[in-house]
Amino acid sequence: MIGITGIGGISAGGEFSHFQSPLQLDLPVLAEYADLVDLPQSLAGVADKSGFKSHLKRRKAAKLFTPAARMGLSAAAMALGEAEDRQSIGLFVGVGREPPDEGEAEMALVCSERNGQLDPLALSGPGRDVYPPLLPLKTLPNMILAHISIHLDLMGCNGAWAGGPDAGVTALLAAYWAVCEGRCEVALAGASDSLIDLGQARDLLRQGITTAPGEGAVFMRLERISDNRKTPWEMEWTGEQGAVDSLSEEIGYCGATDALLHLAYVLSRGDTFCWRGLRFTKGLP
Amino acid sequence: MTIFITGMGMITPLGEGVESNWRSLMDAKSGIKGITRFDPSGFPVRFAAECPNVDPLPIDNQSPFIARQLATLKGRLTAIALQEALTMANVDLSGPRVGICLGSEAARPDLALLANRKKEGKSPDLADLDALSPDAPVKLIQFMTGATGPTSVVSTACTSSSQAIGEGLLQLRRGEVDAMIVGGVDVLVDPLMVTGFSLLGALSTRNDDPEAASRPFDSQRDGFVLGEGAGFIVLENEKRLGGREPIGRLSGYGCSCNAYRITDSPPDGRGAAQSMRSALYDAGLRPESIGYINAHGTSTKMNDASETRGILSAFGQVGSRVPVSSTKSMMGHLVAACGAVEAIVSMLAVRNGYLPPTRNLDSVDPDCVLNHIPHEPIQSDIEHAMTNAFGFGGSNGTLVVSRC
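Residues numbered from 1 in each chain as written. Chains lettered and ligands numbered in written order. Predicted model: local features only at pLDDT ≥ 70, side-chain atom pairs only at ≥ 80, totals over all residues.

Right, let's get into the overall build of chain B. Assigned secondary structure in chain B consists of 13 helices and 16 strands. By the compact-globule yardstick of 22 Å for 404 residues, chain B fits well, its C-alpha radius of gyration being 20 Å. Restricting the contact set of chain B to residue pairs at least 6 apart, pairs at least 24 apart contribute 80%. (Helix = DSSP H or I, 4+ residues; strand = E, 2+ residues; numbered from the N terminus. Rg over C-alpha atoms; globule rule 2.2 N^0.38 Å. Contact = placed C-beta atoms within 7 Å.)

Opposite the 53 residues of chain B that make contact, chain A presents 49 residues. Within the residue set of the side of chain B that touches chain A, elements represented by two or more residues are helix 4 (111-120), helix 5 (126-132), strand 6 (151-154), helix 7 (160-174), helix 8 (191-199), strand 9 (248-257) and helix 10 (270-283) of chain B. Broken down by element, the side of chain B that touches chain A gets its largest block of residues, 7 residues, from helix 8 of chain B. Partitioning the side of chain B that touches chain A into residue classes produces 26 nonpolar, 18 polar and 9 charged. Two elements, strand 8 (residues 158-162) of chain A and strand 6 of chain B, share 2 bridges in a ladder whose sense is antiparallel. Bridge pairing in strand 6 of chain B links Trp161 of chain A to Val154 of chain B. (Nonpolar A, V, L, I, M, F, W, Y, C, P; charged D, E, K, R; others polar. Pairing = 2+ DSSP bridges.)

Attention now moves to the domain arrangement of chain B. Residue and element names in this part refer to chain B. Structurally, chain B comprises domain 1 (3-241) and domain 2 (251-402). Centre-to-centre separation of domain 1 and domain 2, based on C-alpha positions: 21 Å. When contributions to the side of domain 1 that touches domain 2 are tallied by element, the ones reaching two or more residues are strand 1 (3-12), helix 1 (18-26), helix 7, strand 7 (179-187) and strand 8 (228-237). Considered class by class, the residues forming the side of domain 1 that touches domain 2 number 31 nonpolar, 23 polar and 7 charged. (Domains from an automatic or database assignment.)

Here we take up the environment of Thr205 of chain B. Residue and element names in this part refer to chain B. When you line up the elements, Thr205 lands in the loop between helix 8 and strand 8. Expressed as a C-alpha distance, the spacing of Thr205 and Ser265, which sit 60 residues apart in the sequence, is 21 Å. Setting aside residues no more than four positions away along its own chain, Thr205 makes contact with Pro44, Val45, Asp222 and Gly223.

Moving on, we come to the packing of helix 3 (residues 73-89) of chain B against helix 6 (residues 136-145) of chain B. Any two packed helices are characterised by the angle at which their axes cross and by the distance between the axes. Residues and elements named next belong to chain B. In contact at an axis separation of 10 Å, helix 3 and helix 6 are set at 40° when each is read in the N-to-C sense. Pair helix 3 / helix 6 crosses with right-handed handedness. Together, Lys74, Gly75, Thr78, Ala79, Leu82 and Leu86 of helix 3 and Pro137, Leu140, Ile141, Met144 and Thr145 of helix 6 make up the contact between the two elements. Per-class residue counts for the contact of helix 3 with helix 6 are 7 nonpolar, 3 polar and 1 charged. (Axes fitted to C-alpha atoms, helices over the stretch in contact; angles between N-to-C directions. Left-handed = near helix turned anticlockwise from the far one by under 90°.)

Quick look at unusual backbone geometry now. Comment: phi is negative for the bulk of residues other than glycine, and the bulk of peptide bonds are trans. Residues and elements named next belong to chain A. Positive phi, close to 50°, is recorded for Arg276, a residue that is not glycine. Tracing the backbone shows Arg276 in the loop between strand 12 (273-275) and strand 13 (278-282). A count of 17 C-beta atoms within 10 Å places Arg276 in the partly exposed class. (Buried ≥ 20, exposed ≤ 12 C-beta atoms within 10 Å, placed from the backbone.)

What follows covers the domain arrangement of chain A. Size of an interface: often given as the accessible area lost when the parts come together. Examined at the domain level, chain A breaks down into domain 1 (2-97 + 139-282) and domain 2 (100-136). If you average the C-alpha positions of domain 1 of chain A and of domain 2 of chain A, the two centres end up 33 Å apart.

What follows deals with helix 1 (residues 67-80) of chain A. Residue and element names in this part refer to chain A. Taking 1.5 Å of rise per residue, 14 residues should cover 20 Å, and helix 1 covers 20 Å from first to last C-alpha, within 8% of that figure. Counting buried positions along helix 1 gives 14 out of 14 residues, so the element sits mostly inside the fold. Remark: Gly81 follows helix 1 within two positions and exhibits a positive phi of approximately 65°. (Expected span 1.5 Å × (residues − 1).)

With that settled, consider the packing of helix 7 of chain B against helix 13 (residues 338-352) of chain B. Residues and elements named next belong to chain B. Taken N-terminus to C-terminus, the directions of helix 7 and helix 13 make an angle of 65°; their axes are 5 Å apart at the nearest point. One finds that helix 7 runs roughly perpendicular with respect to helix 13. Each of Ser160, Ser161, Ser162 and Ile165 in helix 7 lies in contact with helix 13, whose residues at this interface are Gly339, Ala340 and Ala343. Considering only residue class, the contact of helix 7 with helix 13 consists of 3 nonpolar, 4 polar and no charged. (Parallel < 35°, antiparallel > 145°, perpendicular 65-115°, else oblique.)

This part covers the nonpolar core. Counting residues in each nonpolar core, the largest one holds 208 residues, and the members touching the most others are Ala175 and Ala187 of chain A together with Ile233, Leu235 and Ile344 of chain B. Apart from residues lying up to four places away in sequence, Leu235 of chain B is in contact with Ile3, Phe4, Ile5, Gly168, Leu169, Leu172, Ala179, Met180, Val182 and Leu250 of chain B. In terms of nonpolar packing, the next biggest core, distinct from the first, is built from 6 residues, Ala105, Ala108, Leu118 and Leu123 of chain A among them. (Core = buried A, V, L, I, M, F, W, Y, C linked by C-beta atoms within 7 Å.)

Residue and element names in this part refer to chain B. The residue Gly7 is located in strand 1 in this model. Separated by 73 residues in sequence, Gly7 and Ile80 have C-alpha atoms that sit 13 Å apart. Once residues lying within four places of it in the same chain are set aside, the contact partners of Gly7 are Ala85, Leu86, Met88, Ala89, Ile233 and Val234.

Residues and elements named next belong to chain B. Among the 9 residues of strand 7, 9 are classified as buried, and the element is accordingly described as predominantly covered. Of the two faces of strand 7, the one lined by Ala179, Ile181, Gly183, Val185 and Val187 and the one lined by Met180, Val182, Gly184 and Asp186 are each fully buried. Here strand 5 (residues 98-103) runs beside strand 7; their pairing, made up of 6 bridges, is parallel. Looking across to strand 7, one finds that Gly99 is bridged to Met180.

Here it is in structure tokens:
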């Protein structure tokens, strides 16, 4: 039997962990977001991302963290709890589209203009002088996985899946099978995504997604459990296809994390749930 | 459960097609030249491993999305490599029992697109957005094959396609599907990437002699060479095979994280060793069974030394005897595509009984002492080959391919 023995999450509704502090949705959490005031829709679900620094091995590593990486590390640390033998723990992460470069590369692009056009030769000169050297790495999709593995010392089997809202689900399924098949005893599975910057918000509108943009991360700790051990939730593959829902109306659209946030919410309410072939059942009290 | 390789296709800086690439590897040719895609004259690095210019495949009944995909180099490379794999497999790959697992990064916006966004202060049009999505090639693969089974996209930088192949293997063993189309594609030779990676100090700057720039395990190596390409593999279970003759078997997959640093590899090679050990365990093989390792071998100081320690650690007493080469010395670093392309090269080594060399390996670095294959291929009848892929951020993937 595979049990979910920890959940950590962060979104516009706040932090939630270990089923003790379920996501609170009774208060409105969407708010006007200054970065989006020029858009027809300026609400966003913004999370408090400051907690990640307490999990860093080296404080200066913070400069390499995108917003999604900050939330991912916080949520993963909450879900993991006090784990021993971390080196064999698996890590499976759903990620969104990497954030566009032009935010931090703005100055380099400005310096690379000639006659109103971006010019490769100018980029190689004045543009290069102000180009952030770590930018190509910082925005790689697998950096969330990398940061979590580095700062939580996880060395087991792993993967980072991209591709929109399904990415988190794919990661959860991969983790479930990794534990079932004995490739790791414990796995962390989750997703982290942030869609609240101006470029991403514009892109969502262009795609016809009028829900307010949001951001969030959810991680779950999965492990094989013996028959007599207590676990908050059990999960097993049944092939049943339950409905996939979203909390985007409440906390904003969270891309790769959207479906997992909903799953965490349902689990925190104590409902038995079938979803994408997996059945989640409340475990022993 | 035995999983067979029934089709392979590739396009790399060495050329188009599996057999063409193999001949170039046997001749130790280099695909690394001066950059032609943009004017590199002001850049600190002015060479790369570019793929040959290729025209879009004549594909009927294209939707606007497919047409947009085929207008991009990434789409064209995908289509060409995939078409070769499909032709080689020579089997219907449509339907819900055929899945797709792709190793791919998000496409980077090019300079023209960035300029437009900056000037107009608006998003690109929807077609551009779709084309930039990491799963854009998946839709092209679905269109070309009719596969409607599960799809996923692994994005772990240089490990992406190695892990995509491994995940496809696991899905087949689990019985989720009967066939998988797996592989990867990447296109990185653009001004922003050359700027970024050269600022990181990761690229070779041997502008006066590009063909000598990628020299894995050599004492004079000074960085990797950016490349681009695509590789695709058709995997099938025994039930589907019928009377067809497979090329070989995909027999093992392992992966790990370094949990070390974003840009550096651990000097003791611990993550690499763990990945190789888990692949051996998964394949049910002992280290002495492996007849060849196609190393990740990027030609950077840290990677090659770390991988050497990893091989010696994982293989124990036979670590210094197993033949090793890095074909990046000829192809450059294909990043998200390298795992797939090098898995194909490893399968060819098993099938053909020749092990490709490491070009430019004139003087082995004392920190990289292994049983290298310098300059020329060697003949060797082997049963099993291993191929490594290690990514920025510390993701490691290892595959084992075997004779039938």
